[in-house]
Amino acid sequence: MKTENPSISEIINELAEDRSKYFNSIAPPVIQASNFSFDTVDQFRDAILHEESAYIYSRGNNPTVDILRKKLAALDHAEDALVLNSGASAIYASVVANVKSGDHIVSVKKPYGWAQHLFEKILPRFGVETTYVDGTDVKNFEQALRPTTKIIYLESPNSWTFELQDLKAVAELAKANQVLTICDNSYCSSLYQRPIDYGIDISFQSATKYLNGHSDVVAGVISGTKEMINKIFSNELMTAGLGISPFHAWLMIRGLRTLPIRLKKSSKNARMIVSFLKTFLEVESISYPFDPLFPQYDLAKEQMEDTGGLFSFVLKAEKVEVIEKFCQGLQHFLMAVSWGGYESLVMPAIVGMEKGTINMDNPEHRRIRMYVGIEEPEYLIEDLKRGLEAMKKR
Ligand SMILES: *Cc1c(COP(=O)(O)O)cnc(C)c1O
């Protein structure tokens, strides 16, 4: 690092890279090695006794992973970070590292599905209980606190309906009660929201989404204090083997180079598509945090720099077939989970339900999530017109 507060470009292009060590190559090498050797017994011992700061074995540290790790910590304004083999690993490690039997967690309601699974299926087996609250009002967190509460778990915004939590207010409440805060920051990524700046203790993301950005790597990142990161490294990461592989880290370093430009284009495209969809009678409502009609618009504008390309909307449809025709009528928007890559995607809520349980009177069953990628706007608009036309066909 050359300066105290490196710019985004400095972080992405220079931080943690020492090109003189690898023939001045512009791109860093993949150190595709499982283990590292030592010249003396003393050096070997010293490394073994301080594995958190040594290259011994790539389940722990690896030089390529290290470059990425330092960049991601800096982007998050954190002291340190860990790069894991999935966003789900990031959820698992950051939560499990901070609870024991008898503890209680207060979580924002309907967090990411696998966080729910952890809270409802796995942690109860070890005597850890979770209470869900509506996170749009900080009072709900306060009311749910117990003497045994150890974690307040946040996801702001969430990735379906985009409700926010006031990160600063929740962090203050938590600090006053000696409760740790963890926030899923996948929607905004490190460029559009930095939970740590608001006093949140641990910020994590699915790096599969924007950070890697090319629909070809599953990864996660956890950012926090050096002390917290060392604790997670020495326990959850080392015992469960949750680290990312050197090659995947290398792909992510490559992906990171274009993060700012990708995010900017995706956000711009999303705003354009949201305005376009608003002109259609078939669209009942749109959930997009930077839409002035969004219930938490003011908080979104205050807390987030921008949105990226994800939003959802409710279609007017009396039959399931109408939703199917819309989604299947699209030729460029691909039907898929996830987001954050080049390609625009569509995912209707009904794919998560048994067919017999779908009820078209419930607007949530008519919700469709869209990820707007970084294609040319005309290409996307033309496709949406095609989908909306297909919907009306018998
Ligand atoms: C995708 C996602 C995750 C999980 O990340 P993986 O990389 O898929 O394991 C967690 N939270 C949110 C909000 C996500 O979108």
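Rules and cut-offs
- Residues numbered from 1 in each chain as written.
- Predicted model: local features only at pLDDT ≥ 70, side-chain atom pairs only at ≥ 80, totals over all residues.
- Heavy atoms only, no water.
- Phe/Tyr/Trp six-rings, centres within 6.5 Å; stacked < 30°, edge-to-face > 60°.
- Helix = DSSP H or I, 4+ residues; strand = E, 2+ residues; numbered from the N terminus.
- Buried < 20%, exposed > 50% of the residue type's maximum accessible area, 1.4 Å probe, protein only.
- Near = heavy atom within 4 Å.
- Polar contact = N/O pair within 3.5 Å; in protein donor to acceptor, adjacent residues only side chain to side chain.
- Areas by Shrake-Rupley, 256 points an atom, 1.4 Å probe, with all protein chains shown as cover.
- Patch = residues over 30% accessible without salt bridge, like charges linked within 9 Å, V, L, I, M, F, W, Y side chains within 5 Å.
- Salt bridge = Lys/Arg side-chain N within 4 Å of Asp/Glu carboxyl O.
- Domains from an automatic or database assignment.
- Contact = heavy atoms within 4.5 Å.
- Buried area = accessible area lost by both parts, 1.4 Å probe.
- Nonpolar A, V, L, I, M, F, W, Y, C, P; charged D, E, K, R; others polar.
- Pairing = 2+ DSSP bridges.
- Axes fitted to C-alpha atoms, helices over the stretch in contact; angles between N-to-C directions.
- Core = buried A, V, L, I, M, F, W, Y, C linked by side-chain atoms within 4.5 Å.

Caption draft 1: Highlighting the packing of aromatic side chains. Following the criterion strictly, the structure yields 13 aromatic pairs and no others. Between Phe36 and Tyr55 the ring centres are 5.8 Å apart and the planes differ by 40°, which places this aromatic pair in the tilted class. Taken together, the positions of Phe36 in the loop between helix H1 (8-13) and helix H2 (41-49) and Tyr55 in the loop between H2 and helix H3 (63-75) put the pair 19 residues apart, joining distant regions of the chain. Assessed through its relative accessible area of 32%, Tyr55 is described here as partly exposed. These aromatic residues form a ring-pair network of at least three members: Phe119, Tyr132, Tyr153 and Phe204.

Caption draft 2: Structural detail: the site of the ligand. Around the ligand sit 13 residues, and of these Ala88, Asp184, Ser206, Thr208 and Lys209 come closest. Separating an oxygen atom of the ligand from a backbone N or O atom of Gly87 is a distance of 2.9 Å. Measuring from an oxygen atom of the ligand, one finds a side-chain N or O atom of Ser206 at 2.8 Å. Protein contacts shield 90% of the accessible area of the ligand, which totals 380 Å² for the unbound molecule.

Caption draft 3: Structural context of a nonpolar patch on the surface. Together, Phe44, Ile48 and Leu49 make up an exposed nonpolar region whose accessible area comes to about 310 Å². Within the secondary structure, Leu49 is located in helix H2.

Caption draft 4: Summary view of the domain arrangement of the chain. Along its sequence, the chain is organised into domain 1 (8-256) and domain 2 (259-391). Taking the mean C-alpha position of each, domain 1 and domain 2 sit 28 Å from one another. If you look at the interface, domain 1 gives 34 residues, while domain 2 gives 39 residues. If you sort the residues of domain 1 by the area they bury against domain 2, Trp160, Tyr192 and Tyr210 come out on top, with a joint share of 31%. Linking domain 1 to domain 2 there are zero salt bridges. Our enumeration of links across domain 1 and domain 2 arrives at 15 residue pairs in polar contact (both at pLDDT 80 or more). Counting only elements with at least two residues in the side of domain 1 that touches domain 2, the list comes to H1, helix H8 (189-192) and helix H10 (246-256). Ranked by residue count, the leading element in the side of domain 1 that touches domain 2 is H8, at three residues. Grouping the constituent residues of the side of domain 1 that touches domain 2 by class yields 16 nonpolar, 14 polar and four charged.

Caption draft 5: Region of interest: the sheet that holds strand S2 (residues 104-108). Taken in spatial order, the seven strands line up as S1-S7-S6-S5-S4-S2-S3 in an open sheet, and their pairing is mixed. With one partner strand each, in any of the chains shown, strand S1 (80-84) and strand S3 (129-133) form the two edges of the open sheet. When strand polarity is set aside, the average angle formed by the axes of neighbouring strands in this sheet is 20°. Here strand S6 (residues 202-206) runs beside strand S7 (residues 220-224); their pairing, made up of four bridges, is antiparallel. Bridging across to S7, Ser203 finds its partner in Ser223. In the packing of helix H7 (residues 167-176) onto the sheet, the strands contacted are strand S4 (149-155) and strand S5 (180-184), and the crossing angle to S4 comes to about 175°.

Caption draft 6: How the structure looks around the nonpolar core. Residues Met252, Leu277, Phe311, Phe313, Phe326 and Met370 are the most contacted members of the largest nonpolar core, which totals 71 residues. Three or more residues apiece are contributed to this core by two domains, here domain 1 (8-256) and domain 2 (259-391). Among residues more than four places away in sequence, those in contact with Phe313 are Leu277, Val283, Ser285, Ile286, Phe326, Arg366, Arg367, Ile368 and Met370. Listed in part, the 28 residues of the second largest apolar core include Val95, Ile182, Ile202 and Leu242.

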